[in-house]
Amino acid sequence: MEKLNALKGFKDLLPGESEKWEWVASAVRKTFHAFGFSPIRTPILERTRLFTRSIGETTDIVEKEMYTFEDWDGKPVTLRPEGTASVVRAFLEHRHQILALPAKFYYQGPMFRHERPQAGRLRQFHQVGAEIIGEIDPEQDVELLSLLSYFFQRIGISDLTLEINSLGCTVCRPPYRAALQGYFGAQLDTLCEDCNRRFHQNPLRILDCKKESCKAITTDAPASANHLCQECDAHFKAVQEGLSSLKLPFVISKHLVRGLDYYTKTAFEMTTQNLGAQNAVAAGGRYDGLVEALGGASTPAIGFAMGMERLMQLLPESDIRYSALQLFIVPLGEAAHQHVFPVLYDLRRKNIRSEIGKSGAALKKQMKQADRLNAAFVLIVGEQEMEMGKAVLRNMKTKEQVEIELFNLLEGVIAQISP
Ligand code: HAM
């Protein structure tokens, strides 16, 4: 019979790994909360038009990566390939409920892109993202980048580079576009077929081409930062000054463009040398025109998203403090079992992760199970112990043993095993 395995590019997350994800998710909640962000959840399925309009018709995502299908009523719907468009849609849909600007949201959840799966690249992947809507001040850019930098520091990931660039705005983008066309126009024969198409539709995309032959040509292409209008130039400088004032290191990456078309002014990526080809762990930027493009009033915004799978690959083992089993109870015989079974319930209600062995099983077998479950402590209650009114608590790491009075078992155990 055909095996019903998961689809290519879709992955199960199993215990062992899933606890690490929970640990990161809880660090996200604490950090993003402190930086003033509130959680938002938007649907995974949206109208296709939301993404084509926001991400851009000529991007790889919209051209060839979206999971789009007809809903039962015949209307095209898409599994979200990213979170920003949905957050902006939700912001506009519930605008009347949002009293104070800027509105600061964060989210964690699955995204879907039909890419060629490889290490660090999946078809269902997970992002943690943050969006600030309603503030143009460059200080917001700095605050957002400080959150991103601090978060990685907090979870123990170092060796990251913050690369920044400015992509300009509706005023300075057209002359920059023209400068790029002027430069690439003389080299169309050498550029790949895709880039020849990009040349007319969206020449900035050529800077993002992964083909070696195109990459060689882009090295000397004009840089957007040299074509900024006065306002964008001042903004970019203020962002750099703000980062320096917080002592946050960064490099200017003059050809950094993003795979989505909504960006204006500041664009950035957090990159690493430790992930092979998929070197961006997080990325984002300003998108001052998107709210308006989706039907709202002109409202500036900025955000980022990081890829959980890539982040997990970088997480140092020693920093993962997920909860193993704290206590395994070994009852030997029915009387012992009856005595400790209610204690198991009490322990769990005190948030102590505990399990119990089968009372009919031999000591050796139960100890083996405790080992398999990686229990930090084992509580042994046998016939002899019952007679003496005492149980034995063993620290599985140090092998030290202490006796605990049966009449005061719960408190006695807690006093010993609580860190
Ligand atoms: P993005 O650069 O498309 O931006 O994705 C952000 C991050 O998601 C990437 O840096 C990467 O870590 C992860 N990622 C993307 N595609 C995959 C994949 N196929 N497999 C695994 N990880 C992946 C955005 O999505 C924007 N919405 C970011 C943003 C928020 N800009 C403003 N606000």
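Residues numbered from 1 in each chain as written. Predicted model: local features only at pLDDT ≥ 70, side-chain atom pairs only at ≥ 80, totals over all residues. Heavy atoms only, no water.

Let us look at a positive patch on the surface. A surface patch of positive charge is lined by Arg29, Lys30, Arg41 and Arg154. Along the chain, the position of Arg41 falls in the loop between strand S1 (38–39) and strand S2 (45–47). (Patch = residues over 30% accessible without salt bridge, like charges linked within 9 Å, V, L, I, M, F, W, Y side chains within 5 Å. Areas by Shrake-Rupley, 256 points an atom, 1.4 Å probe, with all protein chains shown as cover. Salt bridge = Lys/Arg side-chain N within 4 Å of Asp/Glu carboxyl O. Lys, Arg positive; Asp, Glu negative; His and termini not counted. Charge placed at Lys NZ, Arg CZ, Asp CG, Glu CD. Helix = DSSP H or I, 4+ residues; strand = E, 2+ residues; numbered from the N terminus.)

Moving on, we get to the pairing of strand S9 (residues 264–272). Taken across its nine residues, S9 has nine buried, putting it largely inside the fold. Relative to S9, strand S7 (residues 160–166) is paired through seven bridges, and the arrangement is antiparallel. Paired with Asn165 across the strands is Ala267, a residue of S9. Bridging between S9 and strand S10 (residues 280–286) involves six bridges; their strand directions are antiparallel. In the strand pairing of S10, Thr271 is matched with Ala280. (Buried < 20%, exposed > 50% of the residue type's maximum accessible area, 1.4 Å probe, protein only. Pairing = 2+ DSSP bridges.)

The next point concerns the layout of surface pockets. Roughly 630 Å³ of volume is contained in the second largest pocket. Together, 29 residues line the second largest pocket, and Arg173, Asp261, Tyr262, Tyr263 and Thr264 are the ones closest to its centre. Listing elements by their share of the lining of the second largest pocket, those giving two or more residues are helix H2 (48–55), helix H6 (173–185), S9 and helix H10 (290–293). Per-element accounting of the lining of the second largest pocket gives the leading share, three residues, to H10. Among the residues forming the lining of the second largest pocket, the class breakdown is 11 nonpolar, eight polar and 10 charged. (1 Å grid on protein atoms, 1.4 Å probe; cavity = no way out; pocket = protein on both sides within 12 Å on 5 of 7 lines; lining within 4 Å. Points joined across faces, edges and corners; volume = space filled by probe spheres on them. Nonpolar A, V, L, I, M, F, W, Y, C, P; charged D, E, K, R; others polar.)

What follows is about the side chain of His235. Looking at where His235 falls in the secondary structure, it is placed in helix H9 (residues 230–245). The residues touching His235, leaving out its near neighbours within four places in the chain, are Ile136, Asp137, Pro138, Asp141, Lys265, Thr266 and Arg286. (Contact = heavy atoms within 4.5 Å.)

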